[in-house]
Amino acid sequence: MELTLSMKIRIAAVCVVGMLIIGFGAFGLVRPDTPLDAISLSSVDIGIVDMIICAVAAFAAGAIAYVVAYPYGKQIGPLAAAVGLAVWTFRSGTMASLLQVNTTVQLRKQIYTKTQTESVLWLAVLAAGFLGTYAASKLLKLKEARTPDPLAPKSGKNQSINIAIAMVLTVVITQFAITIFAQEVRIFDSKLTSVIGQPGNGQIAFAVILAFAIASFVAKKFFSVSYIYTTISAVLLMVWTVKAHANRETLEHMTSIWPANFFPKAACAILPLQMISFAAIGSIAGYWFAIQWAYSRKDAVETAATVV
């Protein structure tokens, strides 16, 4: 799947679908009281009905994106829901703004504990978008374009171990990469070595997308694992971040010494909505880049053999 002009237009059209239906159309369901408030279950009253409507909107976006991107709807359509959710993150406050109004260790511990469940809920909304694309492909039964995949799993091979390894590796890679790419002011801390200031929304987008693109590339190239699993790994990353870097001992230290806009790790400064939406975008990009890279190398080898 080469990035020709027509392919770029399809990708842009899919992004517009996600922006319009989810990013703007469903924003009222998650709108914070003020622009400085974070879009989070800890600060915005988002009920079960609201989440269901968000999922329905994501499903619709995925289905429409399938048609818009035809005949590559199956390949590009899942991007719509991820982009739609990502739009919300730029109309949201930050984790720092959430912690500034929750000043005790207990309240902050509750917030971080809730991020684990919240990341699963946003993943479910994202999954509804993926399901919309899949449902449209099954119901419409259009003739779809096939994309060569030199990295496809070998038939008959059990992929379970590869998936498990790829998901664990994704957590390791993204934790390390986000620490590098989510740059903000760093200050020495005698207990934690250093603490980091709250990165901006744009910096978080760059860091998470690039981190998961790298992880997804590795997962596809070496383990033939789909971007679906690297996206799911974003939840595991949130869980690991809370257990390892937002435990009570660390929160007590941070609360007693540092203001709310400083964090022990960059991943602690990322909201669940940011993590899930940007992880999906990065995972999809890394997946297709791995396929394109493998196809280009295979084509180059075959061309060289023909010349010889």
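That block above? That's the structure.
In this report, we go over the structure that sits alongside the text. What you are looking at is a predicted structure, and each value in this text was computed from that prediction instead of being measured.

**Examining the overall build of the protein**
Phase 1: Secondary structure assignment for the protein yields 11 helices and 3 strands.
Phase 2: For the protein, the C-alpha radius of gyration of 20 Å lies close to 19 Å, the compact-globule estimate for 308 residues.
Phase 3: If one aligns the C-alpha atoms of the protein with their principal axes, the spans along those axes are about 70 × 45 × 35 Å.
Phase 4: Across the 308 residues that make up the protein, the buried fraction comes to 51%.

**A short note on helix α9 (residues 227-245)**
Phase 1: Taking 1.5 Å per residue as the helical rise, α9 with its 19 residues ought to reach 27 Å, and the 26 Å between its terminal C-alpha atoms agrees with that figure.
Phase 2: Listed in full, the buried residues belonging to α9 are Y227, T230, T231, S233, A234, V235, L237, M238, T241, V242 and H245.

**Some points on the pattern of salt bridges**
Phase 1: The tally for this structure, following the rule as stated, stands at 2 salt bridges.
Phase 2: A salt bridge links D149 to K220; the nearest nitrogen and oxygen atoms lie 2.9 Å apart. Placement of D149 in the loop between α6 (105-140) and α7 (160-181) and of K220 in helix α8 (residues 201-223) is noted, with a sequence separation of 71 residues between them.
Phase 3: Across the salt bridge formed by E249 and K191, the nearest N and O atoms sit 3.3 Å from each other. Residue E249 is located in helix α10 (residues 248-257), and its partner K191 is located in the loop between β1 (186-189) and β2 (193-197); the two are separated by 58 residues in the primary sequence.
Phase 4: Judged by its relative accessible area of 52%, E249 falls in the exposed class.
Phase 5: Residue classification places K191 among the partly exposed positions, given a relative accessible area of 44%.

**Overview of the nonpolar core**
Here is a general trend for soluble globular proteins: nonpolar side chains tend to be buried in one another's company.
Phase 1: Among the nonpolar cores identified, the biggest contains 78 residues, and W88 and W122 are the most heavily contacted of them.
Phase 2: A per-element tally of this core places helix α11 (residues 272-307) first, with 11 residues.
Phase 3: W88 has contacts with I22, G23, A26, F27, V30, I39, C54, W122 and L273, leaving out every residue within four places of it along the chain.
Phase 4: I163, A166, M167 and A219 belong to the second largest nonpolar core, which has 6 residues in total.

**Here's the deal with empty space enclosed by the protein**
Phase 1: By the definition in use, this model includes 1 cavity of 30 Å³ or more.
Phase 2: Estimated volume of the largest cavity: approximately 80 Å³.
Phase 3: Elements supplying a minimum of two residues to the lining of the largest cavity: α6, α10 and β3 (262-263).
Phase 4: Sorting elements by how many residues they give to the lining of the largest cavity places α10 first, with 3 residues.
Phase 5: For the lining of the largest cavity, the residue count by class is 10 nonpolar, 1 polar and 1 charged.

**Details of the layout of surface pockets**
It is a probe the size of a water molecule, rolled over the atoms, that shows where empty space is left.
Phase 1: Each pocket or cavity is described by its volume, and for the largest pocket that value is around 620 Å³.
Phase 2: Looking at the largest pocket, it is lined by 21 residues, and the ones nearest its centre are K74, Q75, T147, Y287 and W288.
Phase 3: Among the secondary structure elements, those contributing two or more residues to the lining of the largest pocket are α3 (73-76), α6, α9 and α11.
Phase 4: In terms of residue class, the lining of the largest pocket is built from 11 nonpolar, 5 polar and 5 charged.

**Some remarks on α8**
Because each turn of an α-helix spans 3.6 residues, side chains separated by three or four positions in sequence point in the same direction.
Phase 1: The end-to-end C-alpha separation of α8 is 32 Å, in line with the 33 Å expected for 23 residues at 1.5 Å each.
Phase 2: One or two steps after α8, the chain reaches S224, where phi turns positive at roughly 55°.

**Comments concerning unusual backbone geometry**
Excluding glycine, most residues fall at negative phi; most peptide bonds, likewise, are trans.
Phase 1: The omega angle of the peptide bond from Y70 to P71 is 5°, so this bond is cis rather than trans.
Phase 2: Mapped onto the secondary structure, P71 falls in the loop between α2 (48-68) and α3.
Phase 3: For S224, which is not a glycine, the phi torsion comes out positive at approximately 55°.
Phase 4: If you trace the backbone, S224 turns up in the loop between α8 and α9.

**A short note on a nonpolar patch on the surface**
Phase 1: There is a patch of nonpolar side chains on the surface, built from V67, Y70, L139, L140 and L142 and spanning about 470 Å² of accessible area.
Phase 2: L142 gets classed as partly exposed once you look at its relative accessible area, which sits at 36%.

**Re the sheet that holds β2**
Phase 1: Taken in spatial order, the 3 strands make up an open sheet running β1-β2-β3, and their pairing is antiparallel. Across the chains shown, the open sheet's two edge strands, defined by having one partner strand only, are β1 and β3.
Phase 2: As defined by bridge partners, β2 adjoins β3 across 2 bridges and the pair is classed as antiparallel. By the bridge assignment, G197 is partnered in β3 with F262.

Criteria and cut-off values
Residue positions are given per chain, counting from 1 as you read along its sequence in written order. At least 70 in pLDDT is required for a residue's local features to be given in this predicted model, at least 80 for side-chain atom pairs to be given and counted, and no such filter applies to totals for whole chains, interfaces and linings, which use all residues. Heavy atoms throughout the structure, all of them, feed into the side-chain values; hydrogens and water do not. For helices the rule is a DSSP run of H or I covering at least 4 residues; for strands it is a run of E covering at least 2, with both sets numbered from the N terminus onward. Each radius of gyration is computed over the set of C-alpha atoms, and the globule rule expresses the reference value as 2.2 Å times the number of residues to the power 0.38. We call a residue buried when its accessible area falls under 20% of the maximum for its residue type, exposed when it is over 50%, and partly exposed in between, using a 1.4 Å probe and counting protein chains only. Residue count minus one, scaled by 1.5 Å, sets the expected span of a helix. A carboxyl oxygen of Asp or Glu within 4 Å of a side-chain nitrogen of Lys or Arg is what we treat as a salt bridge. Side-chain atoms within 4.5 Å link the members of a nonpolar core, which is a set of buried Ala, Val, Leu, Ile, Met, Phe, Trp, Tyr and Cys residues. Here, residues are in contact when the closest pair of their heavy atoms is within 4.5 Å. Cavity means a closed set of points on a 1 Å grid over the protein atoms alone, one where a 1.4 Å probe fits but cannot get out, pocket means an open set with protein on both sides within 12 Å along at least 5 of 7 lines, and lining means a residue has an atom within 4 Å of a point. Grid points are joined across faces, edges and corners, and a volume is the space filled by probe spheres set on the points. Residue classes follow a fixed rule: Ala, Val, Leu, Ile, Met, Phe, Trp, Tyr, Cys and Pro count as nonpolar, while Asp, Glu, Lys and Arg count as charged, and any other residue, Gly among them, counts as polar. For patch building, the residue pool is restricted to those with more than 30% relative accessible area and no salt bridge; the joining distance is 9 Å between like charges and 5 Å between nonpolar side chains (Val, Leu, Ile, Met, Phe, Trp, Tyr). Surface accessibility follows the Shrake-Rupley procedure with a 1.4 Å probe radius. Residue values consider only the protein chains on display as shielding. DSSP calls a pair of strands paired once it identifies at least 2 bridges connecting them.

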